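A closer look at the structure
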Amino acid sequence: MAALVNQKSAFTERIKRIESGKQYEHVDVIGHSTQKRYERAFGTKHQRKQQRPKRTLFEKVMVLIAFLCGMSSVLIGRLAYFHMSKLEGLPDAFYDLGARGMVLFAFVLAAILLVIFHLSTRSRFPALLVGCVVMHYGEAAVASNAPEVWSQFFSAEYTALMAEKGQDYRITPAG
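Note that the coordinates shown come from a computational prediction; the quantities given were computed from them, not determined experimentally.

Helix and strand content of the protein: 9 helices and 0 strands. N-terminal to C-terminal, the α/β element order of the protein is α-α-α-α-α-α-α-α-α. Buried residues in the protein amount to 25% of all 175 residues. Within the protein, contacts between residues separated by at least 24 positions form 57% of all contacts whose residues are at least 6 apart in sequence. Surface exposure of the protein reaches about 13,300 Å², of which carbon and sulfur atoms provide 63%.

Okay, the packing of helix α7 (residues 124-145) against helix α9 (residues 156-165) next. Two elements in contact, α7 and α9, have axes separated by 7 Å at closest approach and are oriented at 105°. Relative to α9, α7 is oriented roughly perpendicular. Contact with α7, carried on its side by Glu139, Ala140, Ala143 and Ser144, involves Tyr158, Thr159, Met162, Ala163 and Lys165 of α9 and no other residues of that element. Grouping the constituent residues of the contact of α7 with α9 by class yields 5 nonpolar, 2 polar and 2 charged.

A few words on the pattern of salt bridges. Applying the stated criterion across every chain yields a total of 2 salt bridges. The partner of Glu59 in a salt bridge is Arg124, with the nearest N and O atoms 2.9 Å apart. Pair noted here: Glu59 is in helix α4 (residues 57-84) and Arg124 is in helix α7, with a separation of 65 residues, a long-range link. Across this residue pair, the class does not change: Glu59 and Arg124 are buried. Between Glu139 and Arg78 there is a salt bridge, with the nearest N and O atoms lying 2.8 Å from each other. In this pair, Glu139 is assigned in helix α7 and Arg78 in helix α4, connecting sequence segments 61 residues apart. A relative accessible area of 14% means that Arg78 is categorised as buried.

Attention shifts here to the packing of aromatic side chains. Scanning the model with the defined rule gives 8 aromatic pairs in all. The interplanar angle of 40° and the centroid separation of 5.3 Å between the aromatic rings of Trp150 and Phe154 together place this pair among those described as tilted. Exposure remark for Phe154: the relative accessible area of 4% places this residue in the buried category. Among the aromatic residues, those joined into a cluster by ring pairs are Phe82, Trp150, Phe153, Phe154 and Tyr158.

Running from N to C, α4 and α7 point in directions that differ by 40°, and their axes come no closer than 7 Å. When the axes of α4 and α7 are compared, the crossing they make is right-handed.

In this section: the environment of Met162. On the secondary structure map, Met162 appears in helix α9. On the accessibility criterion, Met162 (7% relative accessible area) is buried. It is 5.8 Å that separates the C-alpha atoms of Met162 and Ala143, two residues lying 19 residues apart in sequence. Non-local contacts of Met162, meaning those with residues more than four positions away in its chain, are made with Glu139, Ala140 and Ala143.

Another point: helix α6 (residues 99-116). For an α-helix, the turn length of 3.6 residues means that residues three or four places apart are oriented alike. Here α6 contains 18 residues, and its C-alpha end-to-end distance of 26 Å stays within 8% of the 26 Å for a straight helix at 1.5 Å per residue. Those residues of α6 not exposed but buried are Gly101, Met102, Ala106, Ala110 and Leu113. Seen from one end, α6 has its buried residues packed into an arc of 165°, which puts them on one side. What points out from α6, more than 90 degrees from its buried face, is the exposed set Arg100, Phe107 and Val115. Check the buried side of α6 and you find it contacts α4 and α7.

Rules of the game
- Residues numbered from 1 in each chain as written.
- Predicted model: local features only at pLDDT ≥ 70, side-chain atom pairs only at ≥ 80, totals over all residues.
- Heavy atoms only, no water.
- Helix = DSSP H or I, 4+ residues; strand = E, 2+ residues; numbered from the N terminus.
- Buried < 20%, exposed > 50% of the residue type's maximum accessible area, 1.4 Å probe, protein only.
- Contact = heavy atoms within 4.5 Å.
- Areas by Shrake-Rupley, 256 points an atom, 1.4 Å probe, with all protein chains shown as cover.
- Axes fitted to C-alpha atoms, helices over the stretch in contact; angles between N-to-C directions.
- Parallel < 35°, antiparallel > 145°, perpendicular 65-115°, else oblique.
- Nonpolar A, V, L, I, M, F, W, Y, C, P; charged D, E, K, R; others polar.
- Salt bridge = Lys/Arg side-chain N within 4 Å of Asp/Glu carboxyl O.
- Phe/Tyr/Trp six-rings, centres within 6.5 Å; stacked < 30°, edge-to-face > 60°.
- Left-handed = near helix turned anticlockwise from the far one by under 90°.
- Expected span 1.5 Å × (residues − 1).
- Arc of directions from axis to C-beta.

If you want it as C-alpha cells, here you go:
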C-alpha cells in the first residue's frame, strides 16, 4: 500500500514538472539546461511552427495593381489589334488572326507589365491572370451595360455584337 501512495506522489510531482515546462526530468536523458540551450538555438515549438507571414499593405496594393494590369492588358490588347486591323498595307496574315491577334497583343502587354511591376510572385501572378480572364469574359457585360462608352473605343457594329452577347449580364435599375 505504501508503494502505491509513493507511486501516486511521484506521478503528481512529475505532472507538475511537465506543466511547468521542465518535461525532461532525468539527468541521464536530458537536463533542464540542455532543454534551455535547445530552445535558445532553435526556438520553442510554438516559435518553430512555420506560419505564413501576413501580407503587408504594400503586398495587398500590389495584388490589386496586378489585377488591374491584367484587365488593362486585355483591354489595350483588344484596342491595339482592333485599330491596327483598320490600317492598310499590313500582311494578310495579320488580318486573319482575329481573336488570336487580340490574345497575342494582350499576352505581350501582360508579359511587359509582369516584368515592369514584378508581378511574378505567388500572390500577384494569379491576380494578373484573374484580371485577364475577367476582362476577356466581362467585355460583353460592359458593352451591354454601357454601349455608349464602348462605342467610343470600338465600332458600332462590334459594340452591338458584344452588347448582344452580354444581354444575360445586363443590369437593370431596381424599381
